Amino acid sequence: MKGCVVLKFGGTSVSTRERWENIEKIAASYLEKGEHPFIVCSAVSGVSNLLEALLPLAVKGEHAEQLDAIYQKHKVLADALELDLEEYIKPELELIQRVAHGASLTQEVSPRLHAMVMSCGELMSTKLGVAFLSREGGVLHGNVSWEDARDHLRAVSTQEGERNLTRHYLSARCGFEPSKEMQAKIEAKEEKVTITQGFIACDSEGHTVLLGRGGSDTSAAYFASILEASRLEIWTDVPGMFTANPRQVPSARLLKKLSYKEAQELASMGAKVLHPRCLDPVKQGQIPLHIRCTQQPELDGTVVSAQAADVGAQVKAISTKSGIPLISMETLGMWHQVGFLADVFQTFKSHGLSIDQVATSETNVTVSLDPVANALDGKALDALLKSLAQFCHAKRIGPCAAVSLVGQNIRAILHKLGPVLEAFEEHHIYMVSQSSSDLNITFVVAESQAERLVRELHAMLFGDVTQDELIGATWREIFEVKKDLGESASDRLTPWWEEQREALLELAAREDARGGAYVYSTQKLVQAVDSLRELEHVDRVHYAIKANAHPEIMRLFHDKGVCFECVSPGEVERALEISGDPSRILFTPNFAPISEYTFGFEKGVQLTLDNLHPLREHGELFRGQDIFLRLDPGLGKGHHKHVKTAGPQSKFGLSRDELAEAAELAGKFGFTITGLHVHVGSGILKSPETWAENALFLAEQADKFFKDVKVLDLGGGLGVVEKPGDRPLSLALVDEYLGKFKALHGDRFELWLEPGRYCVAEAGVLLAEVTQIKRKGEHAYIGVETGMNSLIRPSLYGAYHHIVNLSRLHEPSAWTADIVGPICESGDVLGYSRRLPVTKEGDVLLIATTGAYGKTMSSLYNLRPSASEFILS
Ligand code: LLP
């Protein structure tokens, strides 16, 4: 039907006068453009829930209050609309009352009556609505008519429906073939605006049936298809589909364009804004579907159509579906047994339950049930478990949540999700499945874990995305949500390099910056070191110079009273050059030749041993010396397995069962153990108690074995925010925990720290000019002048470094590309799948948080010099 636009308004959009005025305004503006609005409405917000609970209460004779609440909801609205309630919705109110009364007498409710009562919600809202819109003096006066949806939507009868009355009456499906007859009827009307109900239809015998919860979207889609509308608009209280549920993740971004396939997947995977069933009718009719926001009609929202931008393989959103029960079926009997699955699946079928995902092993089959497709209640599941018991030991696990990464061709980018999947490190995964449609990968986890997980995943996947053709503003930007919803503080601060952009670009243009340039901010270095020096319960800070051994940085730190920690003679020499005072230098060699211990003693620095071998085999060398011992408390921590430095798989430290022997060797060879040391790993962000726990461990060993110990060196490992969305480590908490330790042990021990990364990471950036751009199949590459020869962390640890186009910092991102260097290795990638603006040869990319373990881990690989270094004063 030419010019027909189907608009659907949900419960909140029809609940107040203001909202109805809004509908009026929208309809009038479409009329003005020569379009015919066909409006599908839900029941007034909250009414469906009240109606749903009414009959079960009536059976117990406890429905009076509920009836009153239903009446009151409509009374309030009718009063606001200046309408006489009795005049418009008396028949429905009476019907509800009669059925409830009947149920209280017969003490039973049939699905047919249930459907009848529920349908009153939509009938009442639309009757009040049409009366309001037609009022004298209104812009639509004389131009609005009411249609009963049941005259047009006919439920399709199915075998399943015939067997299962609940399904027949409460979860019906309808045909949606275009109907010229209906189109002609609507077109012939004098009134150009039509109002009808969502959610309800009728069966072949004329009984009222429902389309299931969320069925108003589906009704609207059916009407759009039947009327061959030019578009369907779903008006709701969010402006579209987002990269995650914005109520969980306020930095979620609007998805401006989606294909039917993607929208379907998102809706099925839990995005509540659309009901999954509503996509099929519009897809078949190729009718564009717009999701619009009632409170912000000026926004374009999300458009779902066949013309969605094709951006290749990309995760578009993270969705969660909660309330998912898992059914685990365990039996040895299924091993090599024919028909086990057929039997158990038949049981699900006979209970009318649809299975969503399946995982199998030789003795166990676990399935998840989709709460949207199934009317799940405790009773239904108990009955299922009882029936399954004849085949296996069946039990229910949950409630669980399915967290899905959604996007087309997801398999093509699975390998890039490596760092992202680290978010699962702390979450037990019950099930993983990858859809055969190649549109999602889903992880089933405990429901209580889901929200945190989604936030972490979102930060990793979308943290550095900016607006472009496909991806819009964040929820926060749209709604200006001011509340702190728990995102990291660093998300909110402007990074130093943004403020210093001009100076950095100038520097990057210099001849001596060719091949890449590390640039360090003095201000940021000072800030980091000052914050460590201010820790009340830390007696000494030894900067671990392996993180960055730039002499000027070391001098700056030295002047601030910081000591050094070294792991090689080269580092010791450098530290001595700067400080001149060996008593301020720690030397911690590991599997080093024995000559290095001699070297250390000659230089007068403080040696730490982390193996008994030198003591057992070369004990005399240590006679008369004061040494520290590095212990292994048994459990490593850190941002990657390569940097967890405790536990049996780690080569570092003495295990507990070697300590008695260490004490014995000290007696035998006449050396004194004056300090104990522990370093459990690097990049620790989440557990500020780590250092105090290690202090407790060391103090216990000192008490047991080493009476001369004065120093507990708690190592480094203090993490910094690398991935967007990480929450910074609270130094205040680290200090507070150490304070608790000191409260227990008084002044008996000095506490030393050996931070490396914390002092320098955020102060450094790597600048590199773009050399070449390339597209290959679905992949796009941005080449820069240096790669893993300057920064190996992404290749070695899958480390994430934020990357921006500094030359076009505030331009919208336009594409997704891998940022690669010039080294002859496929692993020479600085960042995978980054969203960047249109980028040109000669632009300067900035790779952030590279002050630590950047230059010091660089190499001459391919004989390409690594990036040079500059310090910004
Ligand atoms: N003390 C000892 C004994 C260490 O082994 C280390 C680091 C530190 C202190 C300093 O740790 P930090 O505060 O920087 O986490 N290349 C890896 C880090 C390896 C750290 C090795 N040891 C990375 O780029 O993440």
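What you see as residue numbers is a count from 1 along each chain, following the sequence as written. Predicted model: local features are reported for residues with pLDDT of at least 70 only, side-chain atom pairs are reported and counted for 80 or more only, and whole-chain, interface and lining totals are derived from all residues. Just so you know, side-chain values use all the structure's heavy atoms and leave hydrogens and water out.

(A) Structural view of the overall build of the protein chain. Across its full length, the protein chain carries 29 helices and 34 strands. The principal-axis extent of the C-alpha atoms belonging to the protein chain is close to 105 × 65 × 55 Å. Accessible area is worked out with a 1.4 Å probe on protein chains only. A residue is then buried under 20% of its type maximum, exposed over 50%, and partly exposed in between. Residue burial in the protein chain is summarised as follows: out of 873 residues, 56% are buried. Contacts are assigned to residue pairs with any non-hydrogen atoms lying within 4.5 Å of each other. Put simply, 75% of the contacts in the protein chain that link residues at least 6 apart link residues at least 24 apart. Carbon and sulfur atoms provide 50% of the accessible area of the protein chain, an area that totals close to 36600 Å². We treat Lys and Arg as the positive residues and Asp and Glu as the negative residues; His and chain ends play no part in the count. Each charge is placed at NZ for Lys, CZ for Arg, CG for Asp and CD for Glu. Taken as two groups, the 90 positive and 115 negative side-chain charges of the protein chain have centres that lie 2 Å from each other. We count a stretch as a helix when DSSP gives it H or I for four or more residues in a row; a strand needs E for two or more, and each element gets its number in order from the N terminus. Here the open area of atoms and residues is found with the Shrake-Rupley method and a 1.4 Å probe, where only the protein chains shown may cover a residue.

(B) Representation of the packing of aromatic side chains. Pairing of aromatic rings covers Phe, Tyr and the six-membered ring of Trp, with a centre-to-centre limit of 6.5 Å; geometry is then stacked below 30 degrees between planes, edge-to-face above 60, and tilted otherwise. For the structure on display, the rule yields 12 aromatic pairs. Measuring from centroid to centroid gives 5.6 Å for F601 and F622, while their planes differ by 85 degrees, and the two rings are edge-to-face. With F601 in helix α23 (residues 595-603) and F622 in the loop between α24 (613-617) and β24 (626-630), this pair connects stretches of sequence that are 21 residues apart. Its relative accessible area of 16% is what places F601 among the buried residues. Here F622 falls in the buried class, since its relative accessible area comes to 0%. Feature note: the residues Y597, F601, F622 and F671 constitute an aromatic cluster, connected by ring pairs. A ring is considered to have a charge above it if a Lys NZ or an Arg CZ atom is located within 6 Å of its centre and within 35 degrees of its normal. Directly above the aromatic system of F132 lies the positively charged group of R135, at a separation of 4.0 Å from the ring centroid.

(C) Examining the pairing of strand β12 (residues 317-330) more closely. With 11 of 14 residues buried, β12 is to be regarded as a mostly interior element. Of the strand pairs in this sheet, β12 and strand β15 (residues 393-406) are connected by 11 bridges, and their pairing is antiparallel. What sits directly across from I318, in β15, is L405. Note that β12 and strand β14 (residues 364-369) share five bridges and pair antiparallel. The partner of L326 across the bridge, within β14, is S368. Any two strands are treated as partners once DSSP identifies two or more bridges connecting them.

(D) Up close: the pattern of salt bridges. Salt bridge, as used here: a side-chain nitrogen of Lys or Arg that lies within 4 Å of a carboxyl oxygen of Asp or Glu. The tally for this structure, following the rule as stated, stands at 33 salt bridges. The partner of E620 in a salt bridge is R623, and the shortest N-O contact between them spans 2.9 Å. For E620, a relative accessible area of 48% translates into the label partly exposed. Linking R808 and D843 is a salt bridge whose minimum nitrogen-to-oxygen distance equals 2.5 Å. Here D843 lies in the loop between β32 (829-836) and β33 (844-847) and R808 lies in the loop between β30 (803-805) and β31 (815-820), a separation of 35 residues in the sequence. You can call R808 buried: its relative accessible area is 18%. Through salt bridges that share partners, E35, R231, E233 and R292 make up one connected network.

(E) Here's a closer look at the site of the ligand. Taken together, 21 residues sit near the ligand, with H639, S682, E754, R793 and Y853 positioned nearest. Counted as a polar contact is a pair of N or O atoms within 3.5 Å, where, for protein atoms, one must be capable of donating a hydrogen and the other of accepting one, and residues adjacent in sequence contribute only when both atoms are in side chains. Within the backbone of G717, one N or O atom sits 2.7 Å away from an oxygen atom of the ligand. The protein chains hide 92% of the 570 Å² of surface that the ligand would expose on its own. Residue composition of the shell around the ligand, by class: seven nonpolar, eight polar and six charged. Proximity is defined per residue: any heavy atom of the residue falling within 4 Å of a molecule or strand makes that residue near it. Ten residues, namely Ala, Val, Leu, Ile, Met, Phe, Trp, Tyr, Cys and Pro, are considered nonpolar, four, namely Asp, Glu, Lys and Arg, are considered charged, and the remaining ones, Gly among them, are considered polar.

(F) Geometry of the packing of helix α3 (residues 64-80) against helix α4 (residues 85-106). Simply put, an axis is a line fit to the C-alpha atoms, just over the touching stretch for a helix, and the angle between two N-to-C directions goes from 0 to 180 degrees. One way to put it is that α3 packs onto α4 with a least axis distance of 11 Å and a crossing angle of 165 degrees. Here α3 lies roughly antiparallel to α4, going by the angle between them. For the crossing formed where α3 meets α4, the hand is right-handed. Along its contact with α3, which presents L67, I70, Y71, H74, K75 and A78, the element α4 presents L85, E86, I89, L93, I96 and Q97. Taken together, the residues that form the contact of α3 with α4 break down as eight nonpolar, two polar and two charged. Orientation is classified from the angle alone, with under 35 degrees giving roughly parallel, over 145 giving roughly antiparallel, 65 to 115 giving roughly perpendicular, and any other angle giving oblique. The hand of a helix crossing depends on one turn: near helix anticlockwise from the far one by less than a right angle means left-handed, and clockwise means right-handed.

(G) Here's a closer look at empty space enclosed by the protein. Here a cavity denotes grid points, spaced 1 Å and computed from the protein atoms alone, that fit a 1.4 Å probe unable to get out, and a pocket denotes an open set having protein on both sides within 12 Å along at least 5 of 7 lines; residues with an atom within 4 Å of a point are the lining. Grid points are joined across faces, edges and corners, and a volume is the space filled by probe spheres set on the points. Counted according to the given criterion, the structure contains one cavity of 30 Å³ or more. By volume, the largest cavity amounts to about 40 Å³. Lining the largest cavity, in full, are M1, C4, H36, P37, F38, I186, E191, K192 and T194.

(H) Seen up close, the packing of helix α1 (residues 17-32) against helix α5 (residues 111-133). At a closest axis distance of 11 Å, the pairing of α1 and α5 adopts a crossing angle of 65 degrees. For the pair α1 and α5, the crossing hand works out as right-handed. Residue-level contacts link R17, W20, E21 and E24 of α1 to S125, G129, F132 and L133 of α5. A class-by-class count of the residues in the contact of α1 with α5 yields three nonpolar, two polar and three charged.

(I) Quick peek at the side chain of Q66. By the secondary structure assignment, Q66 is in helix α3. Those residues within four positions of Q66 in sequence are excluded, and the remaining contacts are N49, L50, A53, L54 and L57.

(J) Summary view of the nonpolar core. Counting 131 residues, the largest nonpolar core has V6, W20, L279 and L289 as its most contacted members. It is α5 that contributes the most residues to this core, 11 residues altogether. Counting 94 residues, the second-largest nonpolar core is a separate cluster that includes V529, F749, A780 and A852. Throughout, nonpolar core names a set of buried Ala, Val, Leu, Ile, Met, Phe, Trp, Tyr and Cys residues whose side chains join them through atoms within 4.5 Å.

(K) Geometry of the sheet that holds strand β13 (residues 355-360). Taken in spatial order, the six strands line up as β13-β14-β12-β15-β17-β16 in an open sheet, and their pairing is antiparallel. Where the open sheet ends on each side, the last strands, each with one partner, are β13 and β16 (429-434). Strand after strand, the sheet turns through a mean of 30 degrees between neighbouring axes, direction not considered. With seven bridges joining them, β15 and strand β17 (residues 440-446) adopt antiparallel strand pairing. Bridging from a neighbouring strand, L405 pairs with I441 of β17. In this fold helix α12 (residues 340-350) packs onto β12, β13 and β14, with an angle of close to 25 degrees to the strand it touches most, β14.

(L) Examining the pairing of strand β20 (residues 540-544) more closely. Most of β20 is tucked away, with four of its five residues classed as buried. As judged from the two bridges shared by β20 and strand β27 (residues 750-753), these two strands associate in the parallel manner. Bridging across to β27, V541 finds its partner in L753. After leaving β20, the chain enters helix α21 (residues 551-559) and then returns to the sheet as strand β21 (residues 563-566), a path that is right-handed. Orienting the strands away from the viewer, one traces the path from the first strand over the helix to the second; a clockwise path indicates a right-handed crossover.

(M) Spatial organisation of the sheet that holds strand β11 (residues 302-304). Pairing within the open sheet is mixed, and its eight strands lie in the order β3-β4-β2-β1-β7-β10-β11-β9. Each edge of the open sheet carries a strand with a single partner, namely β3 (144-146) and β9 (257-258). In this fold α1 packs onto β1 (4-9), β2 (36-41), β4 (193-197), β7 (231-236) and β10 (289-293), with an angle of close to 155 degrees to the strand it touches most, β2.

(N) The arrangement of the environment of G129 in detail. Within the fold, G129 resides in helix α5. A relative accessible area of 0% means that G129 is categorised as buried. When the C-alpha atoms of G129 and H458 are compared, they prove to be 40 Å apart, with 329 residues separating the residues in sequence.

(O) Representation of α12 within the structure. Along α12, the residues that are buried comprise F340, V344, T347 and F348. Along the axis of α12, the buried positions cluster into a sector of 100 degrees, meaning they face one direction only. α12 presents A342, K349 and S350 as exposed residues on the side facing more than 90 degrees away from its buried surface. Its buried side turned inward, α12 meets β12, β13, β14 and α13 (378-388). This arc corresponds to the set of directions leading from the helix axis out to the C-beta atoms.

(P) Seen up close, the environment of L105. Note that L105 resides in helix α4. The exposed category is assigned to L105, whose relative accessible area is 61%. Sequence separation of L105 and G61 is 44 residues, and the distance between their C-alpha atoms is 8.1 Å.

(Q) Representation of the confidence of the model for the protein chain within the structure. Every residue gets a pLDDT, meaning the predictor's confidence in that residue, from 0 to 100. Of the residues in the protein chain, 95% reach a pLDDT of 70 or more, and the chain-wide mean stands at 90. For the stretch residues 481-492, pLDDT sits under 50, and the model shows 21 contacts to residues farther than four places along the chain or on other chains.

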